[in-house]
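Survey of secondary and tertiary structure
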Amino acid sequence: MITARTVCTALLGLSLVACSGLSRPEATGVTLNPASVTWSETFDTLDGARWIKSSWGGFWQQPGLTGTFDPALVSVRGGHLLLTLNVQTCAAGLCARAAEVKSAQTFGFGRYTYRFRAASTSASPSRSGKVLSGNVSGAFSYVDNSATEIDLEIEGNRPRTLNAAVWNTLSSKDAGALPTGVNFGQTFQTLTYEWRPDRITYFLNGVRVWETTKDVPQQPAHIMLNVWPTNSAGWGGLATTGTVYMLVDSVQFEAF
């Protein structure tokens, strides 16, 4: 899935950047040739030429909840990207170590498909775990302080709701909180958004669930994947100490 933003109180349906005011560190990326191509990742390994592990201070900082993104909590296991979130009590209240990766390249208009399981207590792709309150799992496009941001986010306290959001700068956004019949923390699901110059359309397992023509961004962006802590009844849920894992099976981009 960098500059500084002001952390604000997050509410249901707001996306990653809406929940924070920190600007994230930006690494120099290479824009993918806009010709018709397919770019895919199945995480047999974590290619350092393709993916950058985040190590910056987390945007979730608030009284009683601190922490950072830790590159050591990003790994590959059994053909899956494993992103770990650990929350423990500390002198400041709660201290979190979270995980995030971003693509080295930037990508523009096209179809983005993610197959992942949101955060749970199981690190095994073949065994489901317990879904806990106090986290958000994200798969999204992002660049330059939300000049482009297109979000897929799952809250730990509402694991059956898909949060979709589109940003064209921090002052322009559209979002939807979409109830579904699946528990994103229990099973792998395939989530897709199709980004066109005039609209963005979201799909769950091939079925269209939301579309917006408002505030559609135009600037190519990095693909980002992360899991991070919350401590809010309104967004992500109140914090739970312990460890949870987000597993990503594959990512694919098809240019329009």
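Here, the structure is the one placed above.
So, how was this worked out
- Residues numbered from 1 in each chain as written.
- Predicted model: local features only at pLDDT ≥ 70, side-chain atom pairs only at ≥ 80, totals over all residues.
- Heavy atoms only, no water.
- Core = buried A, V, L, I, M, F, W, Y, C linked by side-chain atoms within 4.5 Å.
- Buried < 20%, exposed > 50% of the residue type's maximum accessible area, 1.4 Å probe, protein only.
- Helix = DSSP H or I, 4+ residues; strand = E, 2+ residues; numbered from the N terminus.
- Polar contact = N/O pair within 3.5 Å; in protein donor to acceptor, adjacent residues only side chain to side chain.
- Contact = heavy atoms within 4.5 Å.
- Pairing = 2+ DSSP bridges.

Our next topic: the nonpolar core. Ranked by internal contacts, the top residues of the largest apolar core, which has 55 residues, are Y114, F116, Y202 and L225. For this core, the element with the most residues is strand β18 (residues 242-255), which contributes six residues.

Let's shift gears to the side chain of T212. Residue position: T212 is located in strand β16 (residues 207-212). According to the relative accessible area criterion, T212 is buried, its value standing at 2%. There is a polar contact of 2.5 Å between the side chain of T212 and the side chain of D174. Each residue touching T212, except ones within four places of it in the same chain, is listed here: V166, D174, D198, R199 and I200.

The next point concerns the environment of G78. Structurally, G78 can be placed in the loop between β5 (74-77) and β6 (80-90). Expressed as a C-alpha distance, the spacing of G78 and F43, which sit 35 residues apart in the sequence, is 8.4 Å.

Our focus in this paragraph is the pairing of strand β15 (residues 199-204). The element β15 is largely enclosed, with a buried count of five among its six residues. Where strand β14 (residues 189-196) lies against β15, six bridges are found, and the strand directions are antiparallel. When the sheet's bridge partners are listed, R196 is paired in β15 with R199. Linking two consecutive strands that pair antiparallel, namely β14 and β15, is a turn of two residues. When β15 meets β16, the two strands line up antiparallel, connected through five bridges. Its bridge partner being in β16, I200 is matched across the sheet by T212. Between the antiparallel neighbours β15 and β16 lie two residues, among them N205 with a positive phi of about 50°.

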